[in-house]
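Here is how the chains run, residue by residue.
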Amino acid sequence: MAQLDTREKLEILADAAKYDASCASSGTTKRNSKDGKGLGSTEGMGICHAYAPDGRCISLLKILLTNSCIFDCHYCINRKSSNVRRARFTAKEVVDLTIAFYKRNYIEGLFLSSGIIASSNYTMEQMVEVARSLREDHHFRGYIHLKTIPDADPELVHQAGLYADRVSINVELPTVNGLKRLAPEKDGVRIETAMAEVKASIIDGKDAKAKYKSAPRFAPAGQSTQMIVGADAATDGDIVRKASTLYDRFGLRRVYYSAFSPIPDASAVLPLQRPPLMREHRLYQSDWLMRFYEFQPHEVVAAADDATGMLPLDIDPKLAWALKFRGSFPVDVNRAPREMLLRVPGLGVKAVNGILTSRRWRRLHLADVARLTVSVAKLRPFIIAEDWRPVVLADRAELRPIVAPKPKQMEMFA
């Protein structure tokens, strides 16, 4: 490998890290260095490229330790057989970059992943050393996310959790057959075993912290994972069911979805075209329905097309479910329970909370509901208010043209 300077390495390894979506920094413990001790913070705003669920922008130095890899996963641009320019940071170089970028107010934290070099254990040791040095040698109190390696020794993964705010292990693909076909060197059972071990360590850490203030924390921002969408034949229904299983079994904070992107010199087993980016967006919306709107996985799957198992691209999954199960509507905003209000298209969690609070004191009119939402037009066929009953709309055989978003003309010189 030709000798590269730090700037050249950064250009290569920052670009190689762009395919990893799971880098939102949220849910960790609050730390700062306002007392003059240490360096960094997990709070505040910055020049950022990742967004927390609460809307905050978080700036992260997002890089790979190396884009060299001994594995040959078909979908990965950094696979062993790929003809890409290779680079590798030392642990010290990553530490120095993180500190230098933080002092310039470019970043608030580090997201570190890596290809597998030499062995899983060796690579994991280097990543743990980066986090250890930042925490112990430089007293860095900013956010650290480490992408751990499931094949590595469990003790190394445990050490990663002691230094990092969040750890993640990618399940890669939603089906066992897809993983065997596109990443034969990866073991789905081992991946899930590693996730279970991380979950157990997080629970043990919380229990210990409740009893002893001096107990070390373990990944206070939890663990996450990522699935590639569109590289195999998995349907949206398959992906939703897999995500639900991961949330239930391993207590994940987030499941991220990354639309497959065709890569140079691609394997013949990969599709020639990437899936629509809207498909990735609809999966995130489905994920939101399960996490915040009390939808069960089978309800989200029911919103998909019965023949293809795919969610519609032109309307969101919540509206698709409502149109498919019109017998559940209209919903009386003055009487309906919370779970039914959350199923009304156009009503968000804040709006539902507002309705539940307001109706304790007065009966709500359509104008009252309108003040809680961005647009009341989508709501009208699905709700009953004190002065509104959708008699004509409810009797229409086809509601979709009325409530679906109108197509927009693209502008050539926008």
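Parameters at a glance
Residues numbered from 1 in each chain as written. Predicted model: local features only at pLDDT ≥ 70, side-chain atom pairs only at ≥ 80, totals over all residues. Heavy atoms only, no water. UniProt positions renumbered as here; feature names shortened; annotations may be inferred. Core = buried A, V, L, I, M, F, W, Y, C linked by side-chain atoms within 4.5 Å. Buried < 20%, exposed > 50% of the residue type's maximum accessible area, 1.4 Å probe, protein only. Contact = heavy atoms within 4.5 Å. Phe/Tyr/Trp six-rings, centres within 6.5 Å; stacked < 30°, edge-to-face > 60°. Helix = DSSP H or I, 4+ residues; strand = E, 2+ residues; numbered from the N terminus. Lys NZ or Arg CZ within 6 Å of the ring centre and 35° of its normal. Salt bridge = Lys/Arg side-chain N within 4 Å of Asp/Glu carboxyl O. Pairing = 2+ DSSP bridges. Right-handed = clockwise from strand over helix to strand, strands pointing away.

The name given to the protein in an unreviewed UniProt entry is DNA modification/repair radical SAM protein, with Sphingomonas albertensis as the source organism. In its Cofactor (unreviewed entry) section, UniProt records this for the protein: "[4Fe-4S] cluster".

Asker: Got a minute to help me understand the nonpolar core in this structure?
Answerer: Across soluble globular proteins, you tend to see nonpolar side chains buried next to one another. In terms of nonpolar packing, the biggest core is built from 109 residues, with Tyr75, Leu112, Leu347 and Phe382 touching the most fellow members. Each residue touching Leu112, except ones within four places of it in the same chain, is listed here: Ile63, Leu64, Leu65, Val94, Met127, Val130, His145, Leu146 and Lys147.

Asker: What exactly am I supposed to notice about the packing of aromatic side chains here?
Answerer: Centre-to-centre distance and the angle between the planes together describe a pair of aromatic rings. Under the definition given, this model contains eight aromatic pairs. A centroid spacing of 4.4 Å and a plane angle of 45° characterise the contact between Trp288 and Phe292, whose relative ring orientation is tilted. Pair noted here: Trp288 and Phe292 are both in helix α8 (residues 277-292), with a separation of four residues, about one helical turn. Across from the ring centre of Tyr256, 4.6 Å away, lies the NZ or CZ of Arg254, which sits over that ring. Its guanidinium or amino end placed over the ring of Trp388, Arg380 lies 5.7 Å from that ring's centre, counting from NZ or CZ.

Asker: So what exactly am I meant to see when it comes to the pattern of salt bridges here?
Answerer: What the rule picks out here adds up to 22 salt bridges. Between Arg135 and Asp165 there is a salt bridge, and its shortest N-O distance comes to 2.7 Å. Here the residue Arg135 occupies a position in helix α3 (residues 120-137), and Asp165 occupies one in the loop between α4 (154-163) and β6 (166-168), the gap between them amounting to 30 residues. The pair formed by Arg135 and Asp165 is uniform in burial state, with each residue classed as buried. The closest approach of N and O atoms between Arg363 and Glu386, which form a salt bridge, is 2.4 Å. Of this pair, Arg363 sits in the loop between α12 (349-358) and α13 (366-370) while Glu386 sits in the loop between β10 (383-384) and α14 (391-395), and the two are 23 residues apart along the sequence. Beyond isolated ion pairs, a larger network of salt bridges with shared partners links Glu129, Arg132, Glu136 and Asp137.

Asker: Help me understand the pairing of strand β3 (residues 60-64), please; the structure alone is not making it clear to me.
Answerer: Counting buried positions along β3 yields four of five residues, so the element is predominantly enclosed. In this sheet, strand β4 (residues 109-113) lies alongside β3 in parallel orientation, the contact comprising five bridges. Paired with Lys62 across the strands is Phe111, a residue of β4. In the classification by handedness, the crossover that spans β3, the intervening helix α2 (residues 91-103) and the parallel β4 is right-handed.

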